[in-house]
Amino acid sequence: GQNIDQPTEMTATEGAIVQINCTYQTSGFNGLFWYQQHAGEAPTFLSYNVLDGLEEKGRFSSFLSRSKGYSYLLLKELQMKDSASYLCAVNNDYKLSFGAGTTVTVRA
Amino acid sequence: IAGITQAPTSQILAAGRRMTLRCTQDMRHNAMYWYRQDLGLGLRLIHYSNTAGTTGKGEVPDGYSVSRANTDDFPLTLASAVPSQTSVYFCASSLAGGPSDEQFFGPGTRLTVL
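Residues numbered from 1 in each chain as written. Chains lettered and ligands numbered in written order. Predicted model: local features only at pLDDT ≥ 70, side-chain atom pairs only at ≥ 80, totals over all residues. Heavy atoms only, no water.

**Observations regarding the interface of chain A and chain B**
- Each partner contributes residues to the interface: chain A has 17 residues there, and chain B has 19 residues.
- Of all residues in chain A, Y94, K95 and F98 of chain A bury the most surface against chain B, accounting for 32% of the area lost on that side.
- When residues of the side of chain A that touches chain B are traced back to their parent elements, those giving at least two are strand 4 (32-37), strand 5 (44-49), strand 9 (84-92) and strand 10 (95-98) of chain A.
- Of the residues belonging to the side of chain A that touches chain B, the class tally is 11 nonpolar, 4 polar and 2 charged. (Contact = heavy atoms within 4.5 Å. Buried area = accessible area lost by both parts, 1.4 Å probe. Helix = DSSP H or I, 4+ residues; strand = E, 2+ residues; numbered from the N terminus. Nonpolar A, V, L, I, M, F, W, Y, C, P; charged D, E, K, R; others polar.)

**Some points on the sheet that holds strand 6 (residues 53-57) of chain A**
All names here are of chain A.
- Taken together, the 5 strands give an open sheet; going across it, the order is 1-3-8-7-6, and neighbouring strands pair in antiparallel fashion. Looking at strand neighbours, the two that pair on one side only are strand 1 (3-5) and strand 6, the edges of this open sheet. Strand-to-strand twist across the sheet, computed as the mean angle between neighbouring axes with direction ignored, equals 15°.
- Taken together, the 3 bridges between strand 1 and strand 3 (residues 18-25) define a ladder with antiparallel strand orientation. Looking at the pairing, I4 lines up with Y24 of strand 3. (Pairing = 2+ DSSP bridges. Axes fitted to C-alpha atoms, helices over the stretch in contact; angles between N-to-C directions.)

**So, the pattern of salt bridges**
- Per the counting criterion, the structure on display carries 7 salt bridges over all chains.
- Two residues, K76 of chain A and E56 of chain A, come together in a salt bridge whose shortest N-O distance is 3.6 Å. Of the two residues, K76 of chain A sits in the loop between strand 8 (70-75) and strand 9 while E56 of chain A sits in strand 6, which places them 20 residues apart along the sequence.
- Overall, K76 of chain A belongs to the partly exposed group, its relative accessible area being 23%.
- Judged by its relative accessible area of 57%, E56 of chain A is exposed.
- Put simply, D38 of chain B and R44 of chain B hold a salt bridge, and the shortest N to O gap is 2.9 Å.
- D38 of chain B gets classed as buried once you look at its relative accessible area, which sits at 13%.
- You can call R44 of chain B buried: its relative accessible area is 18%. (Salt bridge = Lys/Arg side-chain N within 4 Å of Asp/Glu carboxyl O. Buried < 20%, exposed > 50% of the residue type's maximum accessible area, 1.4 Å probe, protein only.)

**Details of the sheet that holds strand 1 (residues 4-7) of chain B**
Residues and elements named next belong to chain B.
- The strand order across the open sheet built from 4 strands is 1-3-8-7, with neighbouring strands paired in antiparallel fashion. A strand with exactly one partner marks an edge of an open sheet, and here the two such strands are strand 1 and strand 7 (64-66). Going from strand to strand, the sheet's axes swing by 20° on average, the running direction of each strand aside.
- Of the pairings in the sheet, the one linking strand 7 to strand 8 (residues 76-78) comprises 3 bridges and is antiparallel in character. When the bridges of strand 8 are listed, Y64 appears paired with L78.

**Some details on the pairing of strand 10 of chain A**
Residues and elements named next belong to chain A.
- Covered by surrounding structure in strand 10 are K95 and S97 together with L96 and F98, the residues of both alternating faces.
- Sheet analysis places strand 9 next to strand 10, joined by 4 bridges and oriented antiparallel. The residue of strand 10 that forms the bridge with N92 is K95.
- Connecting strand 9 to the next strand, strand 10, in antiparallel fashion are 2 residues, including D93 with a positive phi near 55°.

As structure tokens, this is what we get:
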């Protein structure tokens, strides 16, 4: 089976930095995705990691350690529009298994 | 260009009724997927199709069926709806179903089974 864990909720202040952790135990691994989902909307792609290390894309960065079964999504210079759920998903056998998502609330 | 569309947007259905959720994409993507999203459980894969004419079972396929007669359309059918199928259903597509292919999601269908 697949086990993907991430915190349920996080709160941070506008302009701050937040790190969302994701740990996984899966029978296979073909890469890890992060998606953003605003309330009532569809998920949208943020990042993909398949090799160990940090991938930076503007204010968002994603890190992967395959040996530890661990990833994090780093959101810098938080803006109010970053209030959303962030979904960690592992590609196993060409299919995605999702964590339950982390709801991030940005306060003024 | 619409991307990926789903219909209906929402539906209230009596238990035991048959229901088909529609999904259409105009991106010429080969792979398509159906997920359900429930509070606290995240997105779970119901069925998928890597190319027209082929389908496969995901994590929670029981009570659902799909067909893929052409590249663009991937309908999901509930043969006899039950209250536990109350959920938000998302259709998604990706270029070729490869491990690094981003999945594009439709706007979702909110289904309530009473």
